[in-house]
Amino acid sequence: MLRAGGVLALGAAAVPLTGCDFLGGDDGPPPAPDPLRPLLDEALALAAGHRDAAAAHPDLAARLTPIADAHQAHAAELARIIGVSLPSGTPVATGAPTTDPDAALSDLRGRERAGRDAAVAACAAAPAERAALVGSIAAARATHLEALK
């Protein structure tokens, strides 16, 4: 009986020591960010840029709003795949749109071109289960370039 009590006492003393790792031990560095996160951030920035340009140039709104909506849809799907929430509210672009509509379109074309190139590179590096989504984003960005001519 005493031996059984001693074994139980030793076991009870060991539980708190092993339990420390479960309650807050640091087992290493945090996980790396998802490789598609930059594509998500870029989709949000592109959506905001198109919306800002459409607001600054109402005559371009019919052309820019569907592109902004496409970028927002891409961002939503990327967020779902990555497992993150989209920020609430309307995305905010970085910088004020130009007062010249031609310059605004030129800026958007440059951003779309860079976004297309980033999506193509991400598609080439993506695992098979993500390649179709990323490829469709790259293709959409290529068509946006044509719509912005």
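Up top you'll find the structure we're talking about.
None of these values were measured; they are calculated from a predicted model.

Right, let's talk about the nonpolar core for a bit. The biggest cluster of nonpolar side chains holds 15 residues, and the ones touching the most others in it are Leu36, Leu39, Leu40 and Leu78. At the level of secondary structure, the elements contributing two or more residues to this core comprise α2 (37–56), α3 (61–82), α4 (101–125) and α5 (128–147). With residues near it in sequence (within four places) discarded, Leu39 still touches Leu78, Ala118, Ala119, Ala122, Val134 and Arg141. Counting 8 residues, the second largest nonpolar core, distinct from the first, contains Leu60, Leu64, Leu108 and Leu148.

This paragraph deals with the pattern of salt bridges. In the structure shown here, the tally under the stated rule is 7 salt bridges. Between Asp34 and Arg130 there is a salt bridge, with its nearest N and O atoms 2.8 Å apart. Placement of Asp34 in the loop between α1 (2–24) and α2 and of Arg130 in helix α5 is noted, with a sequence separation of 96 residues between them. Accessibility assignment for this pair places Asp34 and Arg130 in one class, buried. Its salt-bridge partner being Arg116, residue Asp117 comes within 3.0 Å of it at the nearest N-O pair.

What follows covers the side chain of Glu112. Tracing the backbone through its elements, the reader meets Glu112 in helix α4. Buried within the structure, Glu112 lacks any salt-bridge partner; its nearest side chain of opposite charge belongs to Arg141, at an N-O separation of 5.0 Å. With residues near it in sequence (within four places) discarded, Glu112 still touches Leu46, His50, Ile67, His71, Arg141, His144, Leu145 and Leu148.

Attention now moves to α2. Compared with the 28 Å implied by 1.5 Å per residue over 20 residues, the 29 Å span of α2 between its first and last C-alpha is a close match. Those residues of α2 that sit buried are Leu39, Leu40, Ala43, Leu44, Leu46, Ala47, Ala48, Gly49, His50, Ala53 and Ala54. Among the structural elements, α3, α4 and α5 are those in contact with the buried residues of α2.

Viewed as axis vectors pointing N to C, α2 and α4 meet at an angle of 160°, and their least axial separation amounts to 11 Å. On the basis of the axis angle, α2 is roughly antiparallel to α4. Helix-helix and strand crossings are classified by hand; for α2 and α4 the assignment is left-handed. Contacts between α2 and α4 involve Leu39, Glu42, Ala45, Leu46, Gly49, His50 and Ala53 on the former and, on the latter, Leu108, Arg111, Glu112, Ala114, Gly115, Ala118, Ala119 and Ala122. Taken together, the residues of the contact of α2 with α4 sort by class into 9 nonpolar, 3 polar and 3 charged.

Attention shifts here to the environment of Leu64. Inspection of the secondary structure puts Leu64 in helix α3. Taking the C-alpha atoms as reference, Leu64 lies 7.0 Å from Arg51; in sequence the two are 13 residues apart. When neighbours within four sequence positions are excluded, Leu64 is seen to be in contact with His50, Ala53, Ala54, Leu105, Leu108 and Leu148.

Parameters and conventions
Residues numbered from 1 in each chain as written. Predicted model: local features only at pLDDT ≥ 70, side-chain atom pairs only at ≥ 80, totals over all residues. Heavy atoms only, no water. Core = buried A, V, L, I, M, F, W, Y, C linked by side-chain atoms within 4.5 Å. Buried < 20%, exposed > 50% of the residue type's maximum accessible area, 1.4 Å probe, protein only. Helix = DSSP H or I, 4+ residues; strand = E, 2+ residues; numbered from the N terminus. Contact = heavy atoms within 4.5 Å. Salt bridge = Lys/Arg side-chain N within 4 Å of Asp/Glu carboxyl O. Lys, Arg positive; Asp, Glu negative; His and termini not counted. Expected span 1.5 Å × (residues − 1). Axes fitted to C-alpha atoms, helices over the stretch in contact; angles between N-to-C directions. Parallel < 35°, antiparallel > 145°, perpendicular 65-115°, else oblique. Left-handed = near helix turned anticlockwise from the far one by under 90°. Nonpolar A, V, L, I, M, F, W, Y, C, P; charged D, E, K, R; others polar.

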